[in-house]
Protein chains: 2
Amino acid sequence: MATTAKKAKKSAEAMIDEPEALEAVDSCQNDIDALNEQASEEILKVEQKYNEKRKPLYQKRNEYIKRIPTFWMTAIMNHPQISSILEQEEEDCLQYLEKLEVEEFEDIKSGYRILFHFEENPFFENLVLTKEFKLGSNGESPSSTSTAIKWKPDHDLTKVLPKKMDSNRRKRGLENRTFFDWFTDNNDPINDDIAELIKDDLWPNPLQYYLVPDIEVEPEDDDDGDGGDEEFGEEGDEEEVDEVEDEEEKTS
Amino acid sequence: MATTAKKAKKSAEAMIDEPEALEAVDSCQNDIDALNEQASEEILKVEQKYNEKRKPLYQKRNEYIKRIPTFWMTAIMNHPQISSILEQEEEDCLQYLEKLEVEEFEDIKSGYRILFHFEENPFFENLVLTKEFKLGSNGESPSSTSTAIKWKPDHDLTKVLPKKMDSNRRKRGLENRTFFDWFTDNNDPINDDIAELIKDDLWPNPLQYYLVPDIEVEPEDDDDGDGGDEEFGEEGDEEEVDEVEDEEEKTS
């Protein structure tokens, strides 16, 4: 009986028929979709704003990092995944890496580039090696490009290394490609795991890897992404910032 | 020789020593981390704002949906994954499902609930069945709870169905659990795929599933999440919105 009452109420409510109700649902749905698109755009703007805010901090960080010899080489060598593509001769070469930078394109979603700034070195003429990723928005296919390396005579590590690699790399748990193999390979830009690790893990916090002692560590110890903090004082950070800013004014 | 010049320049620059530089890097890193946290909070606020904006549209949509007999049952039965837990007797029961709602908790990250509003029906006394998920922020473990169903005599589908299930479910490609198995099971809340499909796929756009004809479709056809649009006019949507709003004023 309650059901009958309900049905009666229903038909009074239903001044529009079913096809019209369907059109109305479709129209609501379009409004919801439009809101979702607005939300995505707004979130992107927040991300862009914070990318801008982070930039001066990253620059300042890079200035201090320059004063720490072989900071980037050490951080890379201590990184559990990135280190697995590093051959001994490449470690020698990365000693000259004085600055690493990751720049996202302004709209974030269309791509990014990784810049390796080198001091003058025995291996190649270039002072900057760049690997750039276009993520393929606007219907383009994703692609990556890397600076052509001008190797110095007899120092082309992509030619020198393959001969000796097979011997003991696997024993040491290393991948069967080298750092410069990775750098020069642009065949599969959407699955470039090393580039993503540099962009999303090393670059946001290289210090944690720099501080991990250069010994074998259990992978579990690294997973919290916080490995080195215990070894490096966290106390009084705000005061440190002030001191550091003063120092910077003096030195710059 | 350039290297020597560079070294000289370097030591002039290096008015702070290496440990101090390390502290400065750490301090920059803390500032970067703080910015990242701010960014996350701001993005969450945008999401909250749009959740609020979507609410009235979802409500309006639900009002129109009520005028379409068995809308939710049809959408659920046409959903490629959710339908795989639907037993015949449950389809009969879901005919009485007049409203489905997904409510995210206000802070979004801590949880959500799915509400099934039923008309009076032969199966159970409840008019609302709720399944609620707490995602376990603040160190709590994730958990889910569901309304205790007051089954009417001889209509407890969790007891009636298991006896006949094994026979032909697998032949029809169905899962070995039923809709009410899913509803009442709170053992593994973080891997509740059905709840997530309801929240992230069915609820944001049920119309696309309602419109897919109730026949076997190739899974590939469903994957674009857009299957039914061809069958339902997209043209003149903005005008439709206006019309629909007028209608609503008349009817409410």
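Turning to chain A, the UniProt annotation filed under Sequence similarities (unreviewed entry) states: "Belongs to the nucleosome assembly protein (NAP) family."

Draft legend 1. Layout of the pattern of salt bridges. Scanning the entire structure with this criterion turns up 18 salt bridges over all chains. Residue Glu42 of chain A pairs with Lys49 of chain B through a salt bridge whose shortest N-O separation is 2.3 Å. Of the two residues, Glu42 of chain A sits in helix 2 (residues 18-66) while Lys49 of chain B sits in helix 2 (residues 18-66), which places them in two different chains. Under the relative-accessibility criterion, Lys49 of chain B is labelled partly exposed at 36%. In this structure, Arg113 of chain B engages Glu103 of chain B in a salt bridge whose closest nitrogen and oxygen atoms are separated by 2.8 Å. Here the residue Arg113 of chain B occupies a position in strand 2 (residues 111-118), and Glu103 of chain B occupies one in strand 1 (residues 97-104), the gap between them amounting to 10 residues. A relative accessible area of 32% places Glu103 of chain B in the partly exposed class. The network of salt bridges with shared partners includes Glu103, Arg113 and Glu132 of chain A.

Draft legend 2. The environment of Asp193 of chain A, seen in detail. All names here are of chain A. Mapped onto the secondary structure, Asp193 falls in helix 7 (residues 193-202). Given a relative accessible area of 36%, Asp193 falls into the partly exposed group. With 112 residues separating them along the chain, Asp193 and Gln81 place their C-alpha atoms 9.3 Å apart. A distance of 3.1 Å separates polar atoms of two side chains, one belonging to Asp193 and the other to Arg177.

Draft legend 3. A look at the side chain of Asn78 of chain A. Residues and elements named next belong to chain A. Inspection of the secondary structure assignment puts Asn78 in helix 3 (residues 71-78). One polar contact links the side chain of Asn78 to the main-chain carbonyl oxygen of Tyr210, over a distance of 3.5 Å. At 2.6 Å, the side chain of Asn78 and the backbone oxygen of Val212 are in polar contact.

Draft legend 4. The arrangement of the environment of Ala75 of chain A in detail. Residues and elements named next belong to chain A. Mapped onto the elements, Ala75 comes out in helix 3. Along the backbone, Ala75 and Val212 are 137 residues apart, and their C-alpha atoms lie at a distance of 8.3 Å. Among residues more than four places away in sequence, those in contact with Ala75 are Leu202, Pro206, Tyr209 and Tyr210.

Draft legend 5. Looking closely at the packing of helix 2 of chain A against helix 2 of chain B. Helix 2 of chain B packs onto helix 2 of chain A with a crossing angle of 175° between their chain directions and a minimal axis gap of 9 Å. When the axis of helix 2 of chain A is compared with that of helix 2 of chain B, the two are roughly antiparallel.

Draft legend 6. Structural view of the packing of aromatic side chains. Here the structure, examined in full by the defined rule, presents 30 aromatic pairs over all chains. Look at Phe116 of chain A and Phe179 of chain A: their rings are 5.6 Å apart centre to centre, the planes differ by 85°, and that puts the pair in the edge-to-face class. Placement of the pair is Phe116 of chain A in strand 2 (residues 111-118) and Phe179 of chain A in helix 6 (residues 179-184), with a sequence separation of 63 residues. When the ring of Phe71 of chain B is compared with that of Trp72 of chain B, the centres are 5.4 Å apart and the planes differ by 85°; the resulting orientation is edge-to-face. The residues Phe71 of chain B and Trp72 of chain B share a single accessibility class, namely buried. Here a set of aromatic residues connected by ring pairs shows up, and it is made of Phe116, Phe118, Phe124, Trp151, Phe179, Phe180, Trp182 and Phe183 of chain A. The ring of Tyr112 of chain A carries the charged tip of Lys199 of chain A above its face, separated from the ring centre by 4.9 Å.

Draft legend 7. Local environment of the sheet that holds strand 4 (residues 143-146) of chain A. Residue and element names in this part refer to chain A. Sheet architecture is open: four strands sit in the order 1-2-3-4, paired in antiparallel fashion. Looking at which strands have only one partner, the edges of the open sheet turn out to be strand 1 (97-104) and strand 4. Taking each pair of neighbouring strands and ignoring which way they run, the sheet shows an average axis angle of 10°. The pairing of strand 2 with strand 3 (residues 128-134) spans seven bridges and is antiparallel.

Draft legend 8. Focus on the nonpolar core. One finds Phe116 of chain A together with Phe116 of chain B to be the most contacted residues of the largest nonpolar core, which totals 110 residues. The residues contacting Phe116 of chain B, other than those within four sequence positions of it, are Leu97, Lys99, Leu100, Leu127, Val128, Leu129, Phe179, Trp182, Phe183 and Ile198 of chain B.

Draft legend 9. View of the confidence of the model for chain A. All names here are of chain A. Summary statistics for chain A give a mean pLDDT of 80 and a share of 73% for residues scoring 70 or more. When mean pLDDT is taken per element in chain A, strand 3 scores highest with 97 and helix 10 (residues 237-251) scores lowest with 40. Here residues 1-14 scores under 50 on pLDDT; set against residues more than four positions off or in separate chains, the count is eight contacts. Below pLDDT 50 for its whole length, residues 219-252 participates in 39 contacts with residues either more than four positions away or in separate chains. Interface predicted TM-score (ipTM) for the complex: 0.72; the corresponding pTM is 0.65.

Draft legend 10. Expanded view of the sheet that holds strand 3 (residues 128-134) of chain B. Residues and elements named next belong to chain B. Judged by pairing direction, the sheet is antiparallel, and its four strands sit side by side in the order 1-2-3-4 without closing on themselves. Only two strands of the sheet have a single neighbouring strand rather than two, namely strand 1 and strand 4 (143-146). Adjacent strand axes in the sheet meet at a mean angle of 10°, parallel and antiparallel pairs treated alike. On the sheet, helix 7 (residues 193-202) packs against strand 1, strand 2 and strand 3 and is oriented at approximately 85° with respect to strand 2.

What counts as what
- Residue positions are counted from 1 within each chain, in the order its sequence is given.
- Ligands are numbered from 1 and chains lettered from A, in the order in which they are written.
- Thresholds applied to this predicted model are a pLDDT of at least 70 for local features of residues and 80 or more for the giving and counting of side-chain atom pairs; totals over whole chains, interfaces and linings are not thresholded and use all residues.
- Side-chain descriptors were evaluated using all non-hydrogen atoms of the structure, hydrogens and water having been removed beforehand.
- UniProt positions are given in the numbering used here, feature names are shortened, and annotations may be inferred rather than shown by experiment.
- Throughout this description, the term salt bridge denotes a Lys or Arg side-chain nitrogen within 4 Å of a carboxyl oxygen of Asp or Glu.
- Starting at the N terminus, helices and strands are each numbered in turn, a helix being any DSSP run of H or I of at least four residues and a strand any DSSP run of E of at least two.
- For the exposure calls, accessible area comes from a 1.4 Å probe over protein chains only, and a residue counts as buried if that area is under 20% of its type's maximum, exposed if over 50%, partly exposed in between.
- We call two N or O atoms a polar contact when they sit within 3.5 Å, provided that within protein one can donate a hydrogen and the other can accept it, with sequence-adjacent residues counted only if both atoms are side-chain atoms.
- Any two residues whose heavy atoms approach within 4.5 Å are treated as being in contact.
- Here, axes are lines fitted to C-alpha atoms. For helices the fit covers the stretch in contact, and angles between N-to-C directions go from 0 to 180 degrees.
- Each angle gets one of four labels, with under 35 degrees taken as roughly parallel, over 145 as roughly antiparallel, 65 to 115 as roughly perpendicular, and the rest as oblique.
- In summary, the pairing rule links any two rings of Phe, Tyr or Trp, Trp by its six-membered ring, whose centres are within 6.5 Å, and it sorts them by plane angle into stacked for under 30 degrees, edge-to-face for over 60 and tilted for everything else.
- Counting as a charge over the ring demands two things of the Lys NZ or Arg CZ atom: a distance within 6 Å of the ring centre and an angle within 35 degrees of the ring normal.
- Two strands make a pair as long as DSSP finds a minimum of two bridges between them.
- Definition of nonpolar core: a set of buried residues of the types Ala, Val, Leu, Ile, Met, Phe, Trp, Tyr and Cys, connected through side-chain atoms within 4.5 Å.
- What pLDDT reports is the predictor's confidence in each residue, on a scale of 0 through 100.

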